[in-house]
Amino acid sequence: MIPAALCAVVLFLVVYSGQAMIFNGLHFVTNINWNLGDLYSDPVTVNGISIPPGANYGILVFIVGTLASSGIAILIAVPLSIGAAICLAEAVPHRIRPVLSMLVELVAVVPSVVFGLWGIAVLIPFIGHYLSPTGNGYGLLAASIVLALMITPIIASTLLDALMQVPKENRESAFALGATHFEVVSKAMMPMVRTTLIGGIVLALGRALGETMAVLMVSGGGINILPTSLFSPISTIASFIVSQLDSAEADPTNMSVRTLSEIALVLFIITLAVNAAAKLLTSGALNVRKH
Amino acid sequence: MSASTSLKTPLTALELRRIIVSKLGWVGCGVALLLVIAPLLDIVGVVTINGLSAFSVQLFTKNTGGTTNGLLNAMEGTVVITICAMLIAVPIGIGAGIHLSEYGRGKLSNAIRFLSDVLTGTPSIVLGYFSYIVFIIGFGWGFSLAAAAITLAILIVPYLARITELALQQVPSSMREAAYALGATDATVVFKVVLPAASAGVITGTLLGLAISVGETAPLIYTAGWSDFTWTGQFTHSPVAYLTYVIWTFIDQPDAHSHALAYAAAFFVMLVVLAINISVRLVVKRQKFA
């Protein structure tokens, strides 16, 4: 059933977006304009494919938005989760460690729409008031911060598990050489878990790329313009698919629905590659540590 | 840390630097941990306070629509969608888990395992859009309960399969061998011996699946649609309401009452999700220590 479902997903997306792929060509990923065309005029026929007049589909803006928000989110999340994991593994008393690590894991299960709600209620006014020069909090920075919060627990719990598995002998020999406790952690333990850490980061990247609701709610939904600063409104691929549902349904030729499925396919392929990389890295990491 | 005693020579500049760097490092780690946990507490706090202050009997007795009404249709919709999704996902997920654990040694099973991990990582919006193309447009069901339930089931099955597999693998093989020695068939061994022994893990997986389906939004937007009325009893051709939609759309409305409804919906969703996850973790932890 599982392989069947996965193959069905790919197959239907490819079949359905076929016409859109032919019409859009390679301009699809380099064009920054997204224009549904005149939905109320009679459709025109281009290369044997019927489209609304003036329709023009380009997703460069959304690809850039996705990569930028996920990239900044990773930049924020990595130091946070390394710090949190080290703190949990080494500094926190044994009694309260389960409680704190459970709290960190719980961050990951909060539904993304609730993150979005919190973003609108707390984060957006904060950014708008203190940081943004225009007073508008919606945009790249807000999306990145929310994403960072959502992926931090993934990296932190992966790293925490790895740190707990570092052999006692390695720690003790580092102490015996006169290293301070922090040096033991940062210079003796962290290098041993580096591969696992990278695997966790890639896994988190996969999650960030596909995240939809929270980003949709705080990103400002910018289209047709590339982000120029941290406070520019953006759209990610995932959030754009949701926001286009209504307008796509109004298209009599169904071309925009087909193009959206091409976008979904692009997103699927990106996350597939990232997740496969994460899987290879984490399974490889275990082998390295056993030697 | 080097405690400075009278026996020791005064600290050199290098030692001093190392100690200061170490202290700063710990402070940084502590701050990081705080920054991770604080937003969670803030989210829970904000949602709880606003959700409780929006509390009224109307929430449970009236449908949405207008600004003075309740959440009856959304709550009912979420419950119905979740039940249907679980009805589809649980047999398939547990079946796949049993297969992977008991018979899963070949290349095919490794491929299934890899694909199910891939499916777990697939963005839910992609699955939602797939269902939109297949069920809504392809089969012509329109926004409907069936499409929503099947989409959520696709989302849950891989989780359930992997958790079931892990749970079954922890059952000692001596139990299986004992059952076989008594003359039990394959089916008897799996369903009467191994599955009961692993029931805690299987229930854990089911509950986590439940939490996922209550909290999901993106795949439902493209499959369930939205309706201001309670479920009509039809599986196709009739859109269903659900709680997460209320959170997403009502918070963008200008009036305070819509915001209150959004917070109330968020409160319910979060309550269910956190309650399930906390209880599952507590139970699992107790088992580990025992």
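Everything numeric here is computed off the predicted structure, so don't read it as measured data.

## Quick look at the overall build of chain A
- Each helix and strand in chain A was counted, giving 12 helices and 2 strands.
- Scanning chain A from its N terminus toward the C terminus, one meets helices and strands in the order α-β-β-α-α-α-α-α-α-α-α-α-α-α.
- Expressed as a percentage of contacts within chain A between residues at least 6 apart in sequence, the contacts between residues at least 24 apart total 76%.

## Section: the overall build of chain B
- Secondary structure assignment for chain B yields 12 helices and 0 strands.
- Its C-alpha atoms give chain B a radius of gyration of 25 Å, more than 25% over the compact-globule value 19 Å for 290 residues.
- Reported as C-alpha extents along the three principal axes, the dimensions of chain B are approximately 85 × 70 × 35 Å.
- Taking contacts inside chain B between residues at least 6 apart in sequence as the whole, the part at least 24 apart equals 76%.

## A word on the interface of chain B and chain A
- With 64 residues of chain B at the contact, the number on the chain A side is 62 residues.
- Sort the elements by how many residues they give to the side of chain B that touches chain A and helix H1 (residues 13-53) of chain B lands first, with 20 residues.
- Looking at side-chain class alone, the side of chain B that touches chain A contains 47 nonpolar, 12 polar and 5 charged residues.

## Side note on the environment of Ile 276 of chain B
- When you line up the elements, Ile 276 of chain B lands in helix H12 (residues 256-289).
- Separated by 66 residues in sequence, Ile 276 of chain B and Leu 210 of chain B place their C-alpha atoms 8.4 Å apart.

## Section: the nonpolar core
- Counting 171 residues, the largest nonpolar core has Val 114, Val 146 and Val 218 of chain A together with Ile 247, Ala 265 and Ala 266 of chain B as its most contacted members.
- Here this core gets 18 residues from one element, more than from any other, and that element is helix H5 (residues 140-165) of chain A.
- Looking at which domains feed residues into this core, each of domain 1 (2-58 + 239-268) and domain 2 (67-237) of chain A gives three or more.

## Quick notes on the confidence of the model for chain A
- Summing up the model confidence of chain A, the mean pLDDT is 79 and the portion of residues at 70 or higher is 79%.
- Here residues 285-291 of chain A scores under 50 on pLDDT; set against residues more than four positions off or in separate chains, the count is 5 contacts.

## Thoughts on helix H7 (residues 181-189) of chain A
- Regarding H7 of chain A, the residues found buried are Phe 182, Val 184, Val 185 and Met 189 of chain A. Take H7 of chain A and look down its axis: the buried residues cluster within an arc of 165°, on one side only.
- Buried-residue contacts for H7 of chain A involve helix H2 (60-91), H5 and helix H6 (168-176) of chain A together with H1 of chain B.

## Structural notes on the domain arrangement of chain A
- Annotation of chain A at the domain level lists domain 1 (2-58 + 239-268) and domain 2 (67-237).
- Counted by class, the side of domain 1 of chain A that touches domain 2 of chain A contains 8 nonpolar, 3 polar and no charged residues.

## Section: the confidence of the model for chain B
Residue and element names in this part refer to chain B.
- Mean pLDDT over chain B stands at 82; residues scoring 70 or higher make up 93%.
- Taking the mean pLDDT of every element in chain B, the minimum, 72, falls on helix H2 (residues 58-61) and the maximum, 88, on helix H7 (residues 173-181).
- Both scores are given for the predicted complex: the pTM is 0.84, the ipTM 0.81.

## With respect to the environment of Thr 271 of chain A
- Positionally, Thr 271 of chain A belongs in helix H12 (residues 255-290).
- Between the alpha carbons of Thr 271 of chain A and Val 14 of chain A there is a distance of 16 Å; along the sequence they are 257 residues apart.
- In contact with Thr 271 of chain A, other than residues within four places in its own chain, are Gly 206, Leu 209 and Gly 210 of chain A together with Gly 121, Thr 122 and Pro 123 of chain B.

## Quick look at the packing of H2 of chain A against H1 of chain B
- Two numbers describe how H2 of chain A lies on H1 of chain B: the axes approach to 7 Å, and their chain directions differ by 105°. Taken together, the axes of H2 of chain A and H1 of chain B lie roughly perpendicular to each other. Between H2 of chain A and H1 of chain B, the residues in contact are Pro 79, Leu 80, Gly 83, Ala 84, Ile 86, Cys 87, Leu 88 and Ala 91 of chain A and Trp 26, Gly 28, Cys 29, Gly 30, Val 31, Ala 32, Leu 33, Leu 35 and Val 36 of chain B, respectively.

## Details of helix H4 (residues 112-131) of chain A
- Counted at 1.5 Å a residue, the expected span for H4 of chain A with its 20 residues is 28 Å, but the 24 Å between its end C-alpha atoms falls short.
- Taking the largest bend as the criterion, H4 of chain A deviates by roughly 45°, centred on Gly 119 of chain A.

## A look at the packing of helix H3 (residues 97-109) of chain A against H5 of chain A
All names here are of chain A.
- Here H3 crosses H5 at 135°, and the two axes come no closer than 7 Å. Classified by the angle between their axes, H3 and H5 sit oblique to one another. Every pair of crossing elements has a handedness; the one defined by H3 and H5 is left-handed. Only Leu 149, Thr 152, Pro 153, Ile 154, Ala 156, Ser 157 and Leu 160 of H5 make contact with H3, whose side of the interface consists of Ser 101, Val 104, Glu 105, Val 107 and Ala 108.
- Within the contact of H3 with H5, the residues separate by chemical class into 8 nonpolar, 3 polar and 1 charged.

Definitions and cut-offs
Residues numbered from 1 in each chain as written. Chains lettered and ligands numbered in written order. Predicted model: local features only at pLDDT ≥ 70, side-chain atom pairs only at ≥ 80, totals over all residues. Helix = DSSP H or I, 4+ residues; strand = E, 2+ residues; numbered from the N terminus. Contact = placed C-beta atoms within 7 Å. Rg over C-alpha atoms; globule rule 2.2 N^0.38 Å. Nonpolar A, V, L, I, M, F, W, Y, C, P; charged D, E, K, R; others polar. Core = buried A, V, L, I, M, F, W, Y, C linked by C-beta atoms within 7 Å. Buried ≥ 20, exposed ≤ 12 C-beta atoms within 10 Å, placed from the backbone. Domains from an automatic or database assignment. pLDDT = per-residue confidence, 0-100. Arc of directions from axis to C-beta. Axes fitted to C-alpha atoms, helices over the stretch in contact; angles between N-to-C directions. Parallel < 35°, antiparallel > 145°, perpendicular 65-115°, else oblique. Expected span 1.5 Å × (residues − 1). Bend = angle between axes of the 7 residues up to and from the residue. Left-handed = near helix turned anticlockwise from the far one by under 90°.

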